[in-house]
Amino acid sequence: MSASVRSGEFVQRWRDWREQRERDLADPYGWLALVSLDWLEDNPREYPGLPGRWWQDKDAAYLDPQGAEFSHEDEPVTGVRRFELVNSGAGTRVRTGDVEVEIARRTGYLIRVHDPKAPVLRDFRGVPAYEPDPSWVLTGRFEPFDEPRPTTVGAVVEGLSHVYTAPGLVRFTHDGTEYTLTAFNGHDGGLSILFTDATSGVTTYGANRSLAVDTPAEDGSVVLDFTRARNLPCAFTDFATCPLPPEGNRLPFAVEAGEKLPYERQG
């Protein structure tokens, strides 16, 4: 197979990936649909634009619908409902009217409203990105720790932190120099790497980008496809609490590949 054919297939696969990525972002109840973020308090209270009363204690979040129509996992919420979640883990959602209210634990509990009529979602016109260049597909090696390490990182929200499990390190070489990145467990069985580089805050979002890495091969080899480096939700909305990269995941060179600063953050 000629190099030009291989290059054409690479570009087409990247375009297919990007189209799916933008379809996912345009989900009517996705990240771009966020219109608010509120931190729950110890005493029950109402929040602007939402029915019911909400509060938290040291273990869980609570909703008292106060007669309003709510559902959780397709079941009506007719009385006080308790939600105990994992810190920095996945949230859960309740539906009321045309909106979904996400409940999540980020040290304390928060609620976020996903509204399909959100202005950011309405005005979404895709994500700018560098042109796909196969030279940014690098080979690395995964080196597992003896035991996975809980790793605390900061967040785009001042004073907040996240704790993730780091199973090991990924080593790779760029322009003759070796670099090491801490990897977290990925959502689909592989690895997830948060990083910044010399483009951060210039042509790409300043706080972070994320790189999904497939499960390492038996010999520990991994593929780092920086052309698929993605923005986290905080690049698009102020109502996200995204983690910052761990110490050491700040590359000194410019990764001119992957997603750029969203249109919503330009100008």
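(A) Spatial organisation of the sheet that holds strand S4 (residues 71-72). Taken together, the six strands give an open sheet; going across it, the order is S1-S9-S8-S7-S4-S5, and neighbouring strands pair in antiparallel fashion. Edge positions in the sheet fall to strand S1 (34-39) and strand S5 (75-76), since each of these pairs with one other strand and no more.

(B) Structural detail: the nonpolar core. The biggest cluster of nonpolar side chains holds 22 residues, and the ones touching the most others in it are Leu25, Leu32, Tyr205, Cys234 and Phe236. Residues contacting phenylalanine 236, with those up to four places away along its chain left out, are Arg21, Leu25, Leu32, Val120, Val127, Asn231, Pro262, Glu264 and Arg265. Within the second largest apolar cluster, 21 residues are counted, among which are Trp136, Leu224, Ala229 and Ala257.

(C) Seen up close, the environment of histidine 72. For histidine 72, the position within the fold is in strand S4. Taking the relative accessible area as the measure of exposure, histidine 72 reaches 10% and is therefore buried. With 20 residues separating them in the primary sequence, histidine 72 and threonine 92 have C-alpha atoms 8.4 Å apart. Excluding residues within four positions of it along the chain, histidine 72 makes contact with Val77, Arg81, Phe83, Thr92, Arg93 and Val94. One polar contact links histidine 72 to threonine 92, side chain to side chain, over a distance of 2.8 Å.

(D) Region of the structure containing the packing of aromatic side chains. Under the counting rule described, the total for this entry stands at nine aromatic pairs. Their ring planes at 10° and their centres at 5.4 Å tell us that tryptophan 55 and tyrosine 62 sit as a pair that is stacked. As far as burial versus exposure is concerned, tryptophan 55 and tyrosine 62 are alike and both buried. Ring-pair connections join several aromatic residues into one group, and the members of that group are Trp136, Phe172, Tyr179, Phe195, Phe226 and Phe253. Directly above the ring of tyrosine 47 sits arginine 45, whose terminal nitrogen or CZ lies 4.0 Å from the centroid. One Lys or Arg, arginine 149, reaches over the ring of phenylalanine 145 and ends 3.7 Å from the middle of that ring.

(E) Seen up close, the sheet that holds strand S6 (residues 81-83). Reading across the sheet, the three strands line up as S2-S3-S6 and stay open at both edges, with antiparallel pairing between neighbours. Of all the strands in the sheet, the pair left with one neighbour each is strand S2 (53-56) and S6. Across the sheet, the mean angle from the axis of one strand to that of its neighbour is 20°, orientation sign disregarded. The pairing of strand S3 (residues 61-64) with S6 spans three bridges and is antiparallel. When the bridges of S6 are listed, leucine 63 appears paired with arginine 81.

(F) Structural detail: the side chain of aspartate 64. Position of aspartate 64 among the secondary structure elements: in strand S3. For the buried aspartate 64, no salt bridge exists, and the shortest N-O distance to an oppositely charged side chain is 5.8 Å, to arginine 53. A distance of 2.9 Å separates the side chain of aspartate 64 from the side chain of glutamine 66, its partner in a polar contact. Excluding its chain neighbours within four sequence positions, the residues that come into contact with aspartate 64 are Gly52, Arg53, Trp55 and Val80.

(G) Quick peek at the environment of glutamate 178. Mapped onto the elements of the fold, glutamate 178 is located in strand S12 (residues 177-185). Between the C-alpha atom of glutamate 178 and that of valine 94, which follows or precedes it by 84 residues, the distance is 47 Å. Leaving out residues up to four positions away in the same chain, glutamate 178 has contacts with Arg171, Phe172 and Thr173.

The rules behind these values
Residues numbered from 1 in each chain as written. Predicted model: local features only at pLDDT ≥ 70, side-chain atom pairs only at ≥ 80, totals over all residues. Heavy atoms only, no water. Pairing = 2+ DSSP bridges. Helix = DSSP H or I, 4+ residues; strand = E, 2+ residues; numbered from the N terminus. Core = buried A, V, L, I, M, F, W, Y, C linked by side-chain atoms within 4.5 Å. Buried < 20%, exposed > 50% of the residue type's maximum accessible area, 1.4 Å probe, protein only. Contact = heavy atoms within 4.5 Å. Polar contact = N/O pair within 3.5 Å; in protein donor to acceptor, adjacent residues only side chain to side chain. Phe/Tyr/Trp six-rings, centres within 6.5 Å; stacked < 30°, edge-to-face > 60°. Lys NZ or Arg CZ within 6 Å of the ring centre and 35° of its normal. Axes fitted to C-alpha atoms, helices over the stretch in contact; angles between N-to-C directions. Lys, Arg positive; Asp, Glu negative; His and termini not counted. Salt bridge = Lys/Arg side-chain N within 4 Å of Asp/Glu carboxyl O.

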